[in-house]
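For reference, the chains in residue letters:
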Amino acid sequence: MANAMRYDHQQHHQYIPPQQTDLQVLWRDTMHVLWQFLDSEESMKKVDLRKQVEELIYQYICEVPHSRIFVFPNTINVLKSSIEKYDDFSAYKAAIGFEAINQYANNLFTKPWRKEYKTIKMYSGFYKHEIASNLNGAESLFEEMGYRLSDDKQTLVLDGPVCPDRVTSISRDVIAAYVECQVMGEIFAELSNKRITVSWRDIYNFREHNTCMRQSPHEMAVLIQELIQKNHLSRRKGKYRNQMQII
């Protein structure tokens, strides 16, 4: 499923206002479809349910401040620290990492009795290439699901019973992070097409302060372009004033 869910910046989200403005109803609908998604076997139905979850989450993201997107603070911390600490960070790679975590959550939700899901080897090829190389501190999200980090920091172990609510909430969070990465990626693609150089941190900072807005990624790219141009103009004016003071 990881390969099927790779990010494609050609898929542009469009904001569709919820039929009811009550965010609690939107949240309830999202969790209802998410439970169906997690409980489904691999099939076209599961793919369709995943699309529904993403669209519902996208609508929710458009309605709330950035600080309210996620259930667990660690989710946004992982995304933010990855942007800050990984020189080769990209929203495309982060989306792969969050999707991989969702696979673990899905497995744990559907087959909590399977012993192989109780221990995660962080040195395995899948974990290293899909998660660790794309996300910083991702183990904290597994800890939210109930896993314990071993003393040698090489293994995540689930000793106690699985809590379906926590696993579901993590699944919802990492899908929300996946959607947020899609939005960031679409903004980056729009700006790249305009040959405008912008960092992922710039895009994240814009999203952090302008999440509760109904513009399309294209419209957000235009706003970022205007901010960049204003900043450049402001710097040039400041440089000119300093030169005049020297004269």
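For the structure, check the block above.
For the structure given in this document, a descriptive report is provided here.

Reading the values: rules and limits
Every chain is numbered on its own, with residues counted from 1 as its sequence reads. With the structure being a predicted model, the display of local features is reserved for residues of pLDDT at least 70 and the display and counting of side-chain atom pairs for 80 or more, all residues being used for whole-chain, interface and lining totals. Note that the side-chain values use all heavy atoms of the structure and ignore hydrogens as well as water. In DSSP terms, a helix is any run of H or I states spanning at least four residues, a strand is any run of E spanning at least two, and both are numbered starting from the N terminus. In this description, accessible areas are obtained by the Shrake-Rupley approach with a 1.4 Å probe, and a residue is regarded as covered only by the protein chains that are shown. Geometry of aromatic contacts follows a simple scheme: Phe, Tyr and Trp rings, the Trp one being its six-membered ring, pair when their centres are within 6.5 Å, and the pair is stacked under 30 degrees between planes, edge-to-face over 60, tilted otherwise. We count a charge as sitting over a ring when the NZ of a lysine or the CZ of an arginine lies within 6 Å of the ring centre and within 35 degrees of the ring normal. To form a nonpolar core, buried Ala, Val, Leu, Ile, Met, Phe, Trp, Tyr and Cys residues must be joined to one another through side-chain atoms within 4.5 Å. Classification of residues uses two cut-offs on accessible area relative to the type maximum, computed with a 1.4 Å probe and protein chains only: under 20% is buried, over 50% is exposed, and between them is partly exposed. Only the contacting stretch of a helix is used when fitting its axis, a line to C-alpha atoms as for every element, and angles between N-to-C directions run 0 to 180 degrees. Here is the rule for angles: anything less than 35 degrees is roughly parallel, anything more than 145 is roughly antiparallel, 65 through 115 is roughly perpendicular, and the remaining ranges are oblique. Any two residues whose heavy atoms approach within 4.5 Å are treated as being in contact. In this description, the arc belongs to the directions extending from the helix axis to the C-beta atoms. Note on pairing: DSSP must find at least two bridges between two strands before they are called paired. Counting of polar contacts relies on pairs of N or O atoms within 3.5 Å, with two restrictions inside protein: one atom must be capable of donating a hydrogen and the other of accepting it, and residues adjacent in sequence are counted only when both atoms are side-chain atoms. Only Asp, Glu, Lys and Arg are considered charged, only Ala, Val, Leu, Ile, Met, Phe, Trp, Tyr, Cys and Pro nonpolar, and every remaining residue, Gly among them, polar.

Now for the overall build of the chain. Helix and strand content of the chain: nine helices and three strands. The helix and strand sequence of the chain, counted from the amino end, reads α-α-α-α-β-α-α-β-β-α-α-α. On the chain, roughly 13,400 Å² of surface is accessible, and the fraction owed to carbon and sulfur atoms is 50%.

Summed over the entire model, instances satisfying the criterion amount to 10 aromatic pairs. Ring geometry for Tyr127 and Phe142: centres 5.9 Å apart, planes at 45°, overall tilted. Taken as a pair, Tyr127 in helix H5 (residues 125-132) and Phe142 in helix H6 (residues 139-144) lie far apart in primary sequence, 15 residues in all. Ring pairs connect the aromatic residues Tyr104, Phe126, Tyr127, Phe142 and Tyr147, which therefore count as one cluster. Positioned above the aromatic ring of Phe37, the side-chain terminus of Lys46 is 4.3 Å from the ring centre. If you follow Arg50 out to its NZ or CZ, it ends over the ring of Tyr178, 4.9 Å from the centre.

So, about the nonpolar core. Counting 70 residues, the largest nonpolar core has Leu79, Phe98, Ile101, Tyr127, Phe142 and Met145 as the members making the most contacts within it. It is helix H7 (residues 164-193) that contributes the most residues to this core, 13 residues altogether.

This brings us to the packing of helix H4 (residues 91-110) against H5. Look at H4 against H5: their axes get within 7 Å of each other, and the N-to-C directions meet at 135°. Taken together, the axes of H4 and H5 are oblique relative to one another. On H5, the residues touching Ile96, Gly97, Ala100, Ile101, Gln103 and Tyr104 of H4 are Phe126, Tyr127, Glu130 and Ile131.

Let us look at helix H8 (residues 200-210). Those residues of H8 that sit buried are Trp200, Ile203, Tyr204, Phe206 and Arg207. One side of H8 holds all its buried residues, which, seen down the axis, span an arc of 160°.

Once that is clear, we can look at the sheet that holds strand S1 (residues 119-121). Taken in spatial order, the three strands of this open sheet run S1-S3-S2, and their pairing is antiparallel. Pairing within the sheet leaves two strands with one partner each, and these edge strands are S1 and strand S2 (148-149). Two strands pair when backbone bridges link them, and S1 and strand S3 (residues 155-157) are joined in this way by three bridges, in the antiparallel orientation. Its bridge partner being in S3, Thr119 is matched across the sheet by Val157.

Relative to the helices and strands, Leu79 resides in helix H3 (residues 73-85). The class of Leu79 is buried, set by a relative accessible area of 1%.

The next point concerns the environment of Asn136. Mapped onto the fold, Asn136 is located in the loop between H5 and H6. Taking the C-alpha atoms as reference points, Asn136 and Tyr86, 50 residues apart in sequence, are found 7.8 Å from one another. Non-local contacts of Asn136, meaning those with residues more than four positions away in its chain, are made with Val78, Ser81, Ser82, Lys85 and Tyr86. A polar atom in the side chain of Asn136 sits 3.3 Å from the side chain of Ser81.

Here the focus is the packing of helix H2 (residues 44-63) against H7. Relative orientation of the contacting elements H2 and H7 amounts to 75°, with a least axis distance of 9 Å. Our classification of the angle between H2 and H7 gives roughly perpendicular. Only Arg172, Ile175, Ala176, Tyr178, Val179, Glu180, Gln182 and Val183 of H7 make contact with H2, whose side of the interface consists of Arg50, Val53, Glu54, Ile57, Tyr58, Tyr60 and Ile61. Looking at side-chain class alone, the contact of H2 with H7 contains 10 nonpolar, one polar and four charged residues.

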